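A structural walkthrough
In case you want the letters, here they are:
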Amino acid sequence: MDYNLEIVVQDAKDALSTIDDLEELSRLRNNLLSKKSQLGTARSSLATLPLDQRREIGAKIELARKEIESALAERRQLIEVRTRKEKLAADEIDITEWLESSTPARGHQHIVQRTRDELEDVFVGMGFSVNEGPEVETDWYNFEALNIPPAHPARGMWDTFYLDLGEPETVLLRTHTSPTQIRVMESGELPIYAVMPGRCYRRDTPDSRHLPIFHQIEGLVVDIGISFANLAGTIEDFTTAYFGAGIHSRLRPSYFPFTEPSAEFEITCTICAGSGCRTCSHTGWIELGGCGMVHPAVFEAVGIDSKRWTGFAFGFGIDRCAQMRYQIPDMRVLMENDYRFMKQL
Ligand code: DAH
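As a starting point, this report considers the structure included with it. Being a predicted model, the structure only gives us computed values, none of them experimental. (Residues numbered from 1 in each chain as written. Predicted model: local features only at pLDDT ≥ 70, side-chain atom pairs only at ≥ 80, totals over all residues. Heavy atoms only, no water.)

Observations regarding the site of the ligand
Around the ligand sit 16 residues, and of these His-176, Ser-178, Arg-202, Gln-216 and Glu-218 come closest. Here Arg-202 contributes a side-chain N or O atom positioned 2.9 Å from an oxygen atom of the ligand. Between an oxygen atom of the ligand and a main-chain N or O atom of Phe-314, the distance comes to 3.3 Å. When the free accessible area of the ligand is taken as 350 Å², the share hidden by the protein chains comes to 93%. Those elements that provide at least two residues to the shell around the ligand are helix 8 (178-186), strand 5 (213-223), strand 8 (285-294) and strand 9 (310-317). Tallied by class, residues from the shell around the ligand come to 6 nonpolar, 8 polar and 2 charged. (Near = heavy atom within 4 Å. Polar contact = N/O pair within 3.5 Å; in protein donor to acceptor, adjacent residues only side chain to side chain. Areas by Shrake-Rupley, 256 points an atom, 1.4 Å probe, with all protein chains shown as cover. Helix = DSSP H or I, 4+ residues; strand = E, 2+ residues; numbered from the N terminus. Nonpolar A, V, L, I, M, F, W, Y, C, P; charged D, E, K, R; others polar.)

Written out as structure tokens, the structure reads:
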């Protein structure tokens, strides 16, 4: 019988050197030391040997076992130290805040939340109420009731995250705050003067002007005798109230399925105050959002008589507003939670 115990020990050490976690280690320990292992079979075949050989080989097997045991213990210690270091690194808390000053810094709102609150304040001051809708919506609220039937080409304007709930593509993360218009109109009280802020989702790759998770504020007015002039006036009042007296708005023809006519609204570029710069492509204007007169098909979807009532709606990005107001070159900082950025604002 040939027990090449040196090779057994060497193989064991080789195998150990590739192991990086404790579970694998205990599995390997079993393989190396169990009755079925090479060492185990060697030990059980001792019984068949004459007494003198049995003693000699038995001692060698015991030596090999001890060597493997100590290699196992060594590896265990190494893994434990490494795991502990990794855990400590992962648990590390950024205490820069505390190092910078002996008095604890006071927390404050995130810039997006603050912008949202300020926008709400402006509209509340103009007589609007604030309503919220769910972030998980159905296709009906997000698209159909807004006059965007399935397969309508305009769906391409919103790259949608669908949820694996119910029939395929019936439940989704809202791509804009416009579905909340439908919910507010459905609630049945007229007239309506409401703004609806909230988080939205689109399958967009983040870049300096887009985030896949972002915030919008929607506006909706439904009353008797509401005209396009009321829309333009409301947008202008809001623009000067929020951005300051030197910043104005203008409307340009556009298309949205839920408004007719539709427009996009632009404000004076806040970077160059309208004289033209790279940010505004030398036009002096920056696009902020969309707007228009509520489409009769939308009124029909919620049972409002469009012969009697007219209305306007608008929607724009809260993050974009913060970007323009605070001249933030890259929007991604809004998501990164870097303390050095957040503490400035
Ligand atoms: N929901 C549109 C979007 O996210 C923006 C918008 C356009 C909202 C026109 C409106 C509107 O209320 O009337 O692209």
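As for the sheet that holds strand 4 (residues 192-201)
The 7 strands are arranged 1-4-5-9-8-7-6 in an open sheet whose pairing can be described as mixed. Lying at the two open borders of the sheet, with one neighbouring strand each, are strand 1 (129-130) and strand 6 (249-256). Alignment of strand 1 against strand 4, held across 2 bridges, turns out to be parallel. Across the sheet, Ser-129 pairs through a bridge with Ala-194, a residue of strand 4. Each of strand 4, strand 5 and strand 9 is contacted by helix 8, which is oriented at about 140 degrees to strand 4, the strand it contacts most. Along the sheet face, helix 9 (residues 228-243) touches strand 6, strand 7 (259-268), strand 8 and strand 9 and points at about 35 degrees away from the line of strand 9. (Pairing = 2+ DSSP bridges. Contact = heavy atoms within 4.5 Å. Axes fitted to C-alpha atoms, helices over the stretch in contact; angles between N-to-C directions.)

Digging into unusual backbone geometry
Here the amide bond leading from Leu-190 into Pro-191 is cis, since omega sits at -5 degrees, within 30 degrees of zero. Along the polypeptide, Pro-191 turns up in the loop between helix 8 and strand 4. Here Glu-260 and Pro-261 are connected by a cis peptide whose omega angle stands at -5 degrees. You can see Pro-261 is positioned in strand 7.

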